[in-house]
Amino acid sequence: MSTTTIRDLLADHRFFAGLPAADLDLIAGCGVNVAFRAGAMVAREGDPADRFFVVREGHGAIEVHAPGRGALVVATAGPGDVIGWSWLFPPHQWRFDVRAVTDVRAVALDGACLRGKADEDPALGYRLMERFARILVSRLESTRLQLADLYGTGEAAGVP
Amino acid sequence: MLRHLAARGYQLIGPTVRDGAIVHAPIDGIEDLPAGWGDVQSAGSYRLRRRGDGALFGHAVGPESARRFLTPPTRTLWSAIRTPDGFEVEVEVAAQQQPPVALIGLRPCDLAAIAVQDRTLAGPRPDPAYVEARRRSFVVAVSCSDPASTCFCTSTGTGPTVVGGHDLALAELLHPRHRFLVDVGTDAGADVLEAIPHSSPSSEDLEAVAAAGDAAVAAIRRRLDPRARELTAAMEHPRWDDVAARCLSCGSCTLVCPTCFCTSVVDTTDLAGARAARVQRWESCFALDHSFVHGGSVRVDVRSRYRQWLTHKLATWWEQFGISGCVGCGRCIAWCPAGIDLTAEVAAIVQDHQQEVDA
Amino acid sequence: MCRDDPMVPVPYRVAARRPETGDVVTLDLVPAAAPIPDPEPGQFTMLYAFGVGEVPISVSGLPGDEGVLRHTIRAVGATTAALSGTEVGHHVGVRGPFGRGWDLDATDGADVVVVAGGLGLAPLRPVVRHLAAGPTGRELAVLVGARSPDAVAFAGELAGLDRRGDVQSAVIVDAASPAWTGPVGVVTDLLAHVQVDVARAVALVCGPEPMMRFAARALEAMGVGPERIQVSLERSMHCGLGRCGHCLLGPRFVCRDGPVFRWSDAAPLLGVRGR
């Protein structure tokens with residue numbers, strides 16, 4: 001029975017779909033398996049963002065904390081999703097709290113390691129950026145719809 | 001003829017001068033007809049003029065058509081009384097027992113409009129009140145001798161001569177003596193004509209009527225571009241912004257249009273809440289709340305409402321009913337307080353659009 | 001003649017009244033006299049509150065064997081407030097049923113994806129019940145979006161669907177407190193996880209119009225053809241008979257040619273702002 005390597009786990013994940021085999025080898029070198037118990041904090045707002053997570057099982061909640069209101073869940077990320085993009089740009093700080101809702105298994109990828117590999121191989125960097133851009137666009141679209149409060153009653157215009 | 005129709009129990013509705021216009025109203029007899037009156041119409045303008053002769057129908061159309069008599073502006077559909085746990089709809093009151101009407105002096109465009117209403121209101125799911133009103137009406141139409149500058153029935157194929165849809169159709173001749181040539185359209189018409197003194201027309205009579213018809217055609221200068229049917233291909237044309245800046249969204253065009261059929265249903269109650277009624281009344285797509293659906297209207301700006309009216313009337317009507325909604329009567333042009341001429345708007349839009357397609 | 005007049009409402013008695021969420025109430029109606037013809041999934045009736053007014057409301061539960069006609073109403077104005085406040089034992093007026101409902105024939109032999117946003121779940125409820133009770137051997141996915149966890153209509157029934165195990169069911173909310181353990185986002189986010197054979201899938205979509213547009217586009221991007229996506233539209237209606245003209249959308253009378261349309265027909269019409 002062969003053990004599943006980080007590389008195998010990444011190859012299965014849709015975020016990396018279509019990447020050349022060589023890329024996967026390079027990236028896998030930056031990754032480790034992680035697991036979180038349900039309820040555990042995966043990241044806190046303000047913490048150094050030195051890694052991001054490629055979720056394999058379970059899901060996490062992205063939250064913003066407001067005194068008096070408590071924690072507000074603004075998005076969730078499950079199998080196939082990616083959590084964390086603050087590692088991409090300085091100041092490399094988590095902007096939101098992230099909490100494991102269920103038990104979560106993920107691959108944690110080291111930000112500095114990946115940034116280094118991308119600097120050495122810009123083509124790899126481009127391919128990673130492409131994938132992140134796609135996630136961000138999709139997230140932005142969803143967020144805009146959530147903001148539009150489509151299910152709210154809206155202002156009741158005077159009914160003649 | 002009028003006396004005979006009245007004797008048969010018809011309420012006579014005919015053209016008559018009132019409030020500076022020739023309107024359709026109940027008349028008692030020939031003395032109420034607008035003898036010697038003509039009209040001068042243009043975009044945003046209507047006035048009467050003295051003709052200097054005794055012509056009874058020497059004018060074009062006024063603000064009204066057969067519409068108000070076949071589909072009344074307001075109509076109580078039913079009334080109901082409150083009961084301990086609900087309500088009870090009362091049996092139809094005899095309000096619907098109107099006398100039959102004889103519509104005198106309708107023009108060919110009016111008859112065409114009735115033919116359009118037959119499709120919009122008496123199609124697959126007919127409005128029984130309309131069907132009944134149609135059944136009980138007698139139509140004495142008149143071919144036009146003096147079209148107004150606002151008329152464009154030659155573009156829509158609906159005038160100026162009556163070709164069908166009448167019980168009786170008249171062509172008025174003034175010289176050498178005042179007489180009318182009558183065309184019989186239906187058995188009911190033949191029946192009425194039997195009881196009135198009449199004779200066969202001479203060949204001079206027939207030639208005179210034909211000449212008058214040709215003269216009327218020649219007098220009609222306004223044109224509606226046949227490409228009006230393709231208006232829905234140009235929904236974002238800048239001309240819509242242009243006309244929206246002029247349009248007051250007052251809905252006058254929809255009020256005078258003989259084919260508009262939109263209605264609103266209003267539920268009312270008395271102060272005690274003991275008795276309720278449902279009233280159906282004319283509505284205009286220019287009303288802001290016409291397209292209101294929880295929270296706001298779909299057509300919030302004048303641009304979208306004007307566009308809706310024009311594209312529906314000239315284009316999508318074809319798809320819905322197999323016919324144009326416009327009969328070229330020109331009322332909307334004369335009675336628009338801003339003087340908007342839909343033939344000019346259409347020309348401006350299809351002109352550009354055609355150039356884009358050809359390029 | 002009066003009784004046959006399609007503009008005269010027929011009395012129905014409120015047999016039960018159930019608050020669903022906040023301002024949403026489900027009324028169970030039974031005929032006080034002769035019933036209206038049985039509605040089909042996706043059709044609507046015109047509901048009348050004595051002396052107040054009449055509004056189009058989708059049928060959220062077919063009479064079936066129990067003879068109970070169900071409507072789920074959100075109080076947004078005078079008439080809907082009066083209707084949803086009607087007490088048990090009192091009457092409302094019903095006209096209908098009207099409109100073209102969900103095309104069930106199209107779902108034969110197909111995997112079905114139901115996408116509901118907010119109260120859009122109400123007109124979909126009869127078809128979901130029909131499909132869930134029907135033959136297996138095809139995938140059924142029921143995806144529901146709502147504003148918040150306490151705004152999910154028919155929450156109990158959805159939980160029941162979820163427990164079945166043979167229906168792919170998910171509820172997603174715009175925002176939540178950590179007490180909610182489900183997904184947070186918009187209903188289109190759920191499509192990524194649906195497992196159906198897109199080549200033969202049919203989608204039934206209902207909710208606020210922007211949500212339907214985004215959902216239809218996401219379904220198309222997945223490979224579901226626009227003629228296999230059905231949407232349910234809403235417009236001002238006064239008659240339900242294609243006569244009053246309020247519901248016109250281009251050449252279509254939404255009350256008569258809809259409210260259910262194929263996305264391939266609806267997309268060009270909805271694509272013109274303020275049509």
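Residues numbered from 1 in each chain as written. Chains lettered and ligands numbered in written order. Predicted model: local features only at pLDDT ≥ 70, side-chain atom pairs only at ≥ 80, totals over all residues. Heavy atoms only, no water.

A. Molecular detail of the interface of chain A and chain C. Contacts between the two partners involve 23 residues from chain A and, on the opposite side, 27 residues from chain C. In this assembly, chain A packs against chain C so that about 2,000 Å² is buried in total across both faces, 59% of it on carbon and sulfur atoms. It is Leu145(A), Gln146(A) and Tyr151(A) that lose the most area in chain A upon contact with chain C, and together they represent 35% of the buried surface on that side. Counting the contacts that link chain A with chain C gives 1 salt bridge. In this structure, the connection of chain A to chain C is made through 7 residue pairs in polar contact (both at pLDDT 80 or more). (Contact = heavy atoms within 4.5 Å. Buried area = accessible area lost by both parts, 1.4 Å probe. Salt bridge = Lys/Arg side-chain N within 4 Å of Asp/Glu carboxyl O. Polar contact = N/O pair within 3.5 Å; in protein donor to acceptor, adjacent residues only side chain to side chain.)

B. Representation of the sheet that holds strand β8 (residues 104-110) of chain A in the model. Residue and element names in this part refer to chain A. Taken together, 4 strands build an open sheet; the order of strands is β1-β8-β3-β6 and the sheet is antiparallel. The sheet is open, and its two borders are formed by β1 (31-36) and β6 (82-83), each paired with just one other strand. Pairing between strand β3 (residues 51-57) and β6: 2 bridges, direction antiparallel. When the bridges of β6 are listed, Val54 appears paired with Val82. Against the sheet, helix α3 (residues 111-120) touches β3 and β8, its axis set at about 50 degrees to β8. (Pairing = 2+ DSSP bridges. Helix = DSSP H or I, 4+ residues; strand = E, 2+ residues; numbered from the N terminus. Axes fitted to C-alpha atoms, helices over the stretch in contact; angles between N-to-C directions.)

C. Structural detail: helix α3 (residues 108-121) of chain B. Residues and elements named next belong to chain B. With 14 residues, α3 extends 20 Å from end C-alpha to end C-alpha; this agrees with the ideal 20 Å at 1.5 Å per step. In terms of burial, α3 is a largely internal element, 11 of the 14 residues being buried. Burial in α3 covers these residues: Pro108, Cys109, Asp110, Leu111, Ala112, Ala113, Ile114, Val116, Gln117, Thr120 and Leu121. Structurally, α3 contributes buried residues whose contacts are with α2 (67-70), β7 (101-106), α4 (128-135), β8 (137-142), α10 (302-321) and α11 (331-334). (Expected span 1.5 Å × (residues − 1). Buried < 20%, exposed > 50% of the residue type's maximum accessible area, 1.4 Å probe, protein only.)

D. Seen up close, the pattern of salt bridges. Residues and elements named next belong to chain B. This structure, assessed with the given rule, holds 42 salt bridges over all chains. As a salt-bridge pair, Arg51 and Asp53 come within 2.9 Å of each other at their nearest N and O atoms. Assessed through its relative accessible area of 32%, Asp53 is described here as partly exposed. Residue Asp225 pairs with Arg227 through a salt bridge whose shortest N-O separation is 2.8 Å.

E. Quick peek at the sheet that holds strand β3 (residues 44-49) of chain C. All names here are of chain C. Around the barrel, 6 strands lie side by side as β1-β2-β5-β4-β3-β6; this closed barrel has antiparallel pairing. Within the sheet, the average angular offset between the axes of one strand and its neighbour, ignoring direction, is 45 degrees. The strands touched by helix α2 (residues 121-133) are β4 (53-61) and β5 (69-74); relative to β4, the strand with the most contacts, the crossing angle is about 35 degrees.

F. Structural view of the state of the cysteines. All told, the structure shown has 1 disulfide over all chains when counted by the stated rule. Linked covalently through their sulfurs, Cys30(A) and Cys113(A) form a disulfide whose S-S length is 2.0 Å. Across the S-S bond of Cys30(A) and Cys113(A) the torsion is about -70 degrees, and the bridge reads as left-handed. Here the residue Cys30(A) occupies a position in the loop between α2 (21-28) and β1, and Cys113(A) occupies one in helix α3, the gap between them amounting to 83 residues. A relative accessible area of 24% means that Cys113(A) is categorised as partly exposed. In this structure Cys109(B) is a free cysteine whose sulfur lies 5.3 Å from that of Cys329(B), the closest cysteine sulfur available. Residue Cys206(C) stays outside any disulfide, its sulfur separated by 16 Å from that of Cys247(C), the closest cysteine. With relative accessibility at 7%, the residue Cys206(C) sits in the buried group. (Disulfide = S-S within 2.5 Å.)

G. Summary view of the interface of chain B and chain C. Contacts between the two partners involve 48 residues from chain B, matched on the other side by 39 residues from chain C. On the chain B side of the contact with chain C, Asp85(B), Phe87(B) and Arg125(B) bury the most area, a combined 17% of that side's loss. Summed over the shared surface of chain B and chain C, the result is 2 salt bridges. When the shortest N-O distance is used, the salt bridge between Glu54(C) and Arg278(B) registers 2.9 Å. Contributions of two or more residues to the side of chain B that touches chain C are made by β5 (74-82), β6 (87-89), β11 (263-269), β12 (275-282), β13 (292-293) and α10 of chain B. Sort the elements by how many residues they give to the side of chain B that touches chain C and α10(B) lands first, with 8 residues. A class-by-class count of the residues in the side of chain B that touches chain C yields 19 nonpolar, 15 polar and 14 charged. (Nonpolar A, V, L, I, M, F, W, Y, C, P; charged D, E, K, R; others polar.)

H. Molecular detail of unusual backbone geometry. For the peptide bond that leads from Gly159(B) to Pro160(B), omega is 5 degrees, which places it in the cis range. The omega torsion of the bond from Gly96(C) to Pro97(C) falls at 0 degrees, within 30 degrees of zero and hence cis. Among the secondary structure elements, Pro97(C) is positioned in strand β6 (residues 91-98). Not every positive phi belongs to a glycine, and His92(A) is a case in point at roughly 50 degrees. Note on placement: His92(A) falls in the loop between β6 and β7 (97-100). Classification of His92(A) as partly exposed rests on a relative accessible area of 21%. Not every positive phi belongs to a glycine, and Ser249(B) is a case in point at roughly 55 degrees.

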